[in-house]
Amino acid sequence: MSSFGYRTLTVALFTLICCPGSDEKVFEVHVRPKKLAVEPKGSLEVNCSTTCNQPEVGGLETSLDKILLDEQAQWKHYLVSNISHDTVLQCHFTCSGKQESMNSNVSVYQPPRQVILTLQPTLVAVGKSFTIECRVPTVEPLDSLTLFLFRGNETLHYETFGKAAPAPQEATATFNSTADREDGHRNFSCLAVLDLMSRGGNIFHKHSAPKMLEIY
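So, how was this worked out
Residues numbered from 1 in each chain as written. Predicted model: local features only at pLDDT ≥ 70, side-chain atom pairs only at ≥ 80, totals over all residues. Heavy atoms only, no water. Salt bridge = Lys/Arg side-chain N within 4 Å of Asp/Glu carboxyl O. Buried < 20%, exposed > 50% of the residue type's maximum accessible area, 1.4 Å probe, protein only. Helix = DSSP H or I, 4+ residues; strand = E, 2+ residues; numbered from the N terminus. Contact = heavy atoms within 4.5 Å. Polar contact = N/O pair within 3.5 Å; in protein donor to acceptor, adjacent residues only side chain to side chain. Core = buried A, V, L, I, M, F, W, Y, C linked by side-chain atoms within 4.5 Å. Disulfide = S-S within 2.5 Å.

### Examining the pattern of salt bridges
A side chain with one charge may pair with a side chain of the opposite charge, provided their charged atoms come close. Considering all chains together, one arrives at nine salt bridges under this definition. Its salt-bridge partner being Lys76, residue Glu71 comes within 2.5 Å of it at the nearest N-O pair. Using a relative accessible area of 14% as the deciding quantity, one classes Lys76 as buried. A salt bridge links Asp180 to Arg186, with the nearest nitrogen and oxygen atoms 3.5 Å apart. Members of the salt-bridge network, linked through shared partners, are Arg151, Glu154, Asp180, Asp183 and Arg186.

Right, dumping it as C-alpha coordinates:
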(Lines give C-alpha, C1' and ligand atoms only; values in the text may rest on other atoms or scores of the structure.)
Protein backbone atom coordinates (compact mmCIF):
# COMPACT_ATOMS: atom_id res chain seq x y z
CA MET A 1 0.00 0.00 0.00
CA SER A 2 1.31 3.45 -0.92
CA SER A 3 1.95 6.03 1.80
CA PHE A 4 -0.88 8.13 0.36
CA GLY A 5 -3.32 5.22 0.61
CA TYR A 6 -2.19 4.44 4.15
CA ARG A 7 -2.72 8.04 5.24
CA THR A 8 -6.19 8.10 3.64
CA LEU A 9 -7.21 4.90 5.44
CA THR A 10 -5.85 6.22 8.75
CA VAL A 11 -7.84 9.45 8.47
CA ALA A 12 -11.01 7.54 7.60
CA LEU A 13 -10.61 5.19 10.58
CA PHE A 14 -9.92 8.12 12.93
CA THR A 15 -13.10 9.85 11.75
CA LEU A 16 -15.22 6.76 12.34
CA ILE A 17 -13.77 6.06 15.79
CA CYS A 18 -13.47 9.56 17.24
CA CYS A 19 -16.21 11.48 15.52
CA PRO A 20 -19.26 9.20 14.93
CA GLY A 21 -22.18 11.01 13.35
CA SER A 22 -20.09 14.14 12.82
CA ASP A 23 -22.35 15.14 9.96
CA GLU A 24 -25.42 15.19 12.21
CA LYS A 25 -26.73 18.50 13.51
CA VAL A 26 -26.51 18.63 17.30
CA PHE A 27 -28.61 21.27 19.07
CA GLU A 28 -30.36 21.87 22.38
CA VAL A 29 -33.74 23.19 23.46
CA HIS A 30 -34.18 25.18 26.68
CA VAL A 31 -37.22 26.36 28.61
CA ARG A 32 -37.49 28.97 31.35
CA PRO A 33 -38.81 28.48 33.94
CA LYS A 34 -38.34 24.71 34.17
CA LYS A 35 -40.90 24.54 36.97
CA LEU A 36 -43.23 27.02 38.60
CA ALA A 37 -46.14 27.13 41.04
CA VAL A 38 -49.10 29.41 40.33
CA GLU A 39 -52.45 30.08 41.97
CA PRO A 40 -55.67 28.92 40.22
CA LYS A 41 -56.54 30.93 37.11
CA GLY A 42 -53.02 32.38 37.24
CA SER A 43 -50.66 33.07 34.35
CA LEU A 44 -46.93 32.88 33.65
CA GLU A 45 -44.44 33.84 30.97
CA VAL A 46 -42.48 31.04 29.31
CA ASN A 47 -39.39 31.38 27.14
CA CYS A 48 -38.49 28.66 24.64
CA SER A 49 -35.01 28.85 23.06
CA THR A 50 -32.62 26.72 21.03
CA THR A 51 -28.93 26.58 20.12
CA CYS A 52 -29.86 25.88 16.50
CA ASN A 53 -28.93 28.93 14.43
CA GLN A 54 -31.78 28.59 11.94
CA PRO A 55 -34.55 26.33 13.24
CA GLU A 56 -37.17 25.35 10.72
CA VAL A 57 -40.02 25.46 13.20
CA GLY A 58 -40.52 25.85 16.94
CA GLY A 59 -43.11 26.63 19.54
CA LEU A 60 -44.87 25.80 22.79
CA GLU A 61 -47.33 22.93 23.10
CA THR A 62 -50.08 23.29 25.71
CA SER A 63 -53.84 22.91 26.00
CA LEU A 64 -53.98 26.19 27.94
CA ASP A 65 -54.49 29.68 26.56
CA LYS A 66 -51.25 31.10 25.16
CA ILE A 67 -50.14 34.29 23.45
CA LEU A 68 -46.85 34.78 21.59
CA LEU A 69 -45.39 37.96 23.10
CA ASP A 70 -42.12 38.19 21.16
CA GLU A 71 -39.77 36.08 19.08
CA GLN A 72 -36.44 35.94 17.31
CA ALA A 73 -34.87 33.21 15.19
CA GLN A 74 -33.64 31.23 18.22
CA TRP A 75 -36.32 31.96 20.85
CA LYS A 76 -40.01 32.53 21.42
CA HIS A 77 -41.61 34.20 24.46
CA TYR A 78 -45.16 33.27 25.48
CA LEU A 79 -47.80 34.24 28.02
CA VAL A 80 -49.72 31.20 29.29
CA SER A 81 -52.92 32.04 31.18
CA ASN A 82 -56.01 30.59 32.86
CA ILE A 83 -54.01 27.82 34.55
CA SER A 84 -56.49 25.76 36.58
CA HIS A 85 -54.66 22.45 37.07
CA ASP A 86 -51.19 20.92 37.19
CA THR A 87 -49.83 20.71 33.68
CA VAL A 88 -46.74 20.19 31.53
CA LEU A 89 -45.67 22.76 28.92
CA GLN A 90 -43.49 21.52 26.06
CA CYS A 91 -41.04 23.70 24.13
CA HIS A 92 -39.88 22.23 20.81
CA PHE A 93 -37.71 23.16 17.84
CA THR A 94 -36.82 21.39 14.60
CA CYS A 95 -33.34 21.79 13.14
CA SER A 96 -32.25 20.08 9.89
CA GLY A 97 -35.25 17.80 10.12
CA LYS A 98 -34.59 16.69 13.70
CA GLN A 99 -36.91 17.71 16.56
CA GLU A 100 -35.85 18.25 20.17
CA SER A 101 -38.03 19.31 23.09
CA MET A 102 -37.94 20.20 26.79
CA ASN A 103 -40.74 20.34 29.35
CA SER A 104 -41.74 22.83 32.03
CA ASN A 105 -43.75 21.52 35.00
CA VAL A 106 -46.45 23.84 36.33
CA SER A 107 -48.15 23.21 39.70
CA VAL A 108 -51.31 24.90 40.93
CA TYR A 109 -51.46 25.79 44.62
CA GLN A 110 -53.71 27.42 47.18
CA PRO A 111 -51.88 28.73 50.27
CA PRO A 112 -53.31 28.24 53.78
CA ARG A 113 -55.38 31.39 54.29
CA GLN A 114 -57.26 30.20 57.38
CA VAL A 115 -55.91 28.06 60.22
CA ILE A 116 -58.43 27.09 62.89
CA LEU A 117 -57.34 25.75 66.29
CA THR A 118 -59.77 23.96 68.61
CA LEU A 119 -59.21 22.77 72.20
CA GLN A 120 -61.69 20.17 73.40
CA PRO A 121 -62.73 20.49 76.13
CA THR A 122 -61.65 24.01 77.03
CA LEU A 123 -62.18 23.42 80.77
CA VAL A 124 -59.95 20.57 81.98
CA ALA A 125 -59.00 19.12 85.35
CA VAL A 126 -55.31 18.55 86.10
CA GLY A 127 -54.35 15.07 84.95
CA LYS A 128 -57.26 14.75 82.55
CA SER A 129 -56.89 14.43 78.77
CA PHE A 130 -57.82 16.99 76.15
CA THR A 131 -57.55 17.19 72.38
CA ILE A 132 -55.85 19.80 70.24
CA GLU A 133 -57.15 20.01 66.67
CA CYS A 134 -55.82 22.15 63.83
CA ARG A 135 -57.83 22.53 60.65
CA VAL A 136 -57.01 24.24 57.35
CA PRO A 137 -60.20 24.38 55.23
CA THR A 138 -58.77 24.88 51.72
CA VAL A 139 -55.19 24.18 50.68
CA GLU A 140 -53.25 22.44 47.91
CA PRO A 141 -51.10 20.53 47.19
CA LEU A 142 -51.48 18.51 50.38
CA ASP A 143 -48.16 16.69 49.99
CA SER A 144 -46.37 20.04 50.36
CA LEU A 145 -48.15 20.92 53.61
CA THR A 146 -47.02 20.45 57.21
CA LEU A 147 -49.09 21.33 60.29
CA PHE A 148 -47.33 22.07 63.61
CA LEU A 149 -49.09 22.07 66.99
CA PHE A 150 -47.50 24.18 69.74
CA ARG A 151 -47.80 24.61 73.49
CA GLY A 152 -46.02 27.89 74.05
CA ASN A 153 -42.76 27.48 72.10
CA GLU A 154 -42.80 23.69 72.43
CA THR A 155 -43.70 21.58 69.41
CA LEU A 156 -46.18 18.96 70.57
CA HIS A 157 -46.86 17.35 67.22
CA TYR A 158 -46.46 17.85 63.49
CA GLU A 159 -48.21 16.15 60.63
CA THR A 160 -47.47 15.75 56.93
CA PHE A 161 -49.84 14.55 54.23
CA GLY A 162 -49.59 12.15 51.33
CA LYS A 163 -50.30 13.00 47.73
CA ALA A 164 -53.98 13.63 47.11
CA ALA A 165 -56.13 14.46 44.12
CA PRO A 166 -55.02 17.75 42.49
CA ALA A 167 -57.77 19.89 44.02
CA PRO A 168 -58.23 22.03 47.15
CA GLN A 169 -58.51 19.80 50.23
CA GLU A 170 -59.15 20.21 53.94
CA ALA A 171 -56.20 19.27 56.16
CA THR A 172 -56.53 18.31 59.82
CA ALA A 173 -54.04 17.43 62.55
CA THR A 174 -55.00 16.24 66.05
CA PHE A 175 -53.06 15.53 69.23
CA ASN A 176 -54.18 14.17 72.58
CA SER A 177 -52.46 15.52 75.70
CA THR A 178 -52.79 15.46 79.49
CA ALA A 179 -53.41 18.72 81.29
CA ASP A 180 -51.05 19.97 83.98
CA ARG A 181 -51.31 23.03 86.20
CA GLU A 182 -49.02 25.14 83.96
CA ASP A 183 -51.20 24.60 80.90
CA GLY A 184 -53.54 27.28 82.23
CA HIS A 185 -50.76 29.84 81.59
CA ARG A 186 -49.67 28.66 78.14
CA ASN A 187 -50.87 29.53 74.68
CA PHE A 188 -51.73 26.72 72.29
CA SER A 189 -51.40 27.42 68.59
CA CYS A 190 -51.02 25.87 65.14
CA LEU A 191 -48.73 26.75 62.24
CA ALA A 192 -49.43 25.69 58.65
CA VAL A 193 -46.43 25.61 56.30
CA LEU A 194 -46.86 25.09 52.56
CA ASP A 195 -43.41 24.47 51.06
CA LEU A 196 -43.39 24.85 47.27
CA MET A 197 -39.63 25.25 46.81
CA SER A 198 -39.31 21.88 45.04
CA ARG A 199 -42.06 22.99 42.64
CA GLY A 200 -40.45 26.32 41.78
CA GLY A 201 -42.50 28.32 44.27
CA ASN A 202 -42.16 29.89 47.72
CA ILE A 203 -42.83 28.87 51.32
CA PHE A 204 -46.10 30.07 52.86
CA HIS A 205 -46.69 30.33 56.62
CA LYS A 206 -50.01 30.87 58.38
CA HIS A 207 -50.60 30.88 62.17
CA SER A 208 -53.83 30.22 64.01
CA ALA A 209 -55.07 32.52 66.72
CA PRO A 210 -53.66 31.36 70.09
CA LYS A 211 -55.96 29.68 72.61
CA MET A 212 -55.70 28.80 76.29
CA LEU A 213 -57.16 26.13 78.55
CA GLU A 214 -58.99 26.70 81.80
CA ILE A 215 -57.42 24.38 84.39
CA TYR A 216 -58.99 23.38 87.70
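Having put the structure on the table, let's press on.
### Concerning the environment of His92
Among the secondary structure elements, His92 is positioned in strand 7 (residues 87-95). For the pair formed by His92 and Glu61, sequence separation is 31 residues and the distance between their alpha carbons is 7.8 Å. When neighbours within four sequence positions are excluded, His92 is seen to be in contact with Val57, Gly58, Gly59, Leu60, Glu61, Gln99, Glu100 and Ser101. At a separation of 3.3 Å, a polar atom in the side chain of His92 contacts the side chain of Glu61.

### Considerations on the nonpolar core
Most often, soluble globular proteins keep nonpolar side chains buried together rather than apart. With 27 residues, the main nonpolar core has Ile132, Leu145, Leu147, Ala171 and Phe188 as its most contacted residues. Mapped onto this core, the elements with two or more residues apiece are strand 9 (116-120), strand 11 (129-139), strand 12 (145-151), strand 14 (169-178) and strand 15 (188-195). Looking at this core, the element that brings in the most residues is strand 11, giving five residues. Excluding residues within four positions of it along the chain, Leu145 makes contact with Val139, Glu159, Thr160, Phe161, Ala171, Ala192, Val193 and Leu194.

### What about the state of the cysteines?
The full count for this structure, using the stated rule, is three disulfides. Disulfide pairing is shown between Cys48 and Cys91; the S-S distance is 1.8 Å. Because the sign of the S-S torsion sets the handedness, a value of about -60° for the bond joining Cys48 and Cys91 places this disulfide among the left-handed ones. Here Cys48 is found in strand 3 (residues 42-50), whereas its partner Cys91 is found in strand 7, with 43 residues between them in sequence. An identical accessibility class is assigned to Cys48 and Cys91; each is buried. At a sulfur-sulfur separation of 2.1 Å, the disulfide partner of Cys52 is Cys95. Disulfide Cys52 to Cys95: torsion about the S-S bond roughly 70°, handedness right-handed. Of this pair, Cys52 sits in the loop between strand 3 and strand 4 (57-61) while Cys95 is found in strand 7, placing the two residues 43 residues apart along the sequence. The two residues Cys52 and Cys95 agree in class, both being buried. In the protein chain, the cysteines engaged in disulfides, taken in order along the sequence, are linked 1-3, 2-4, 5-6.

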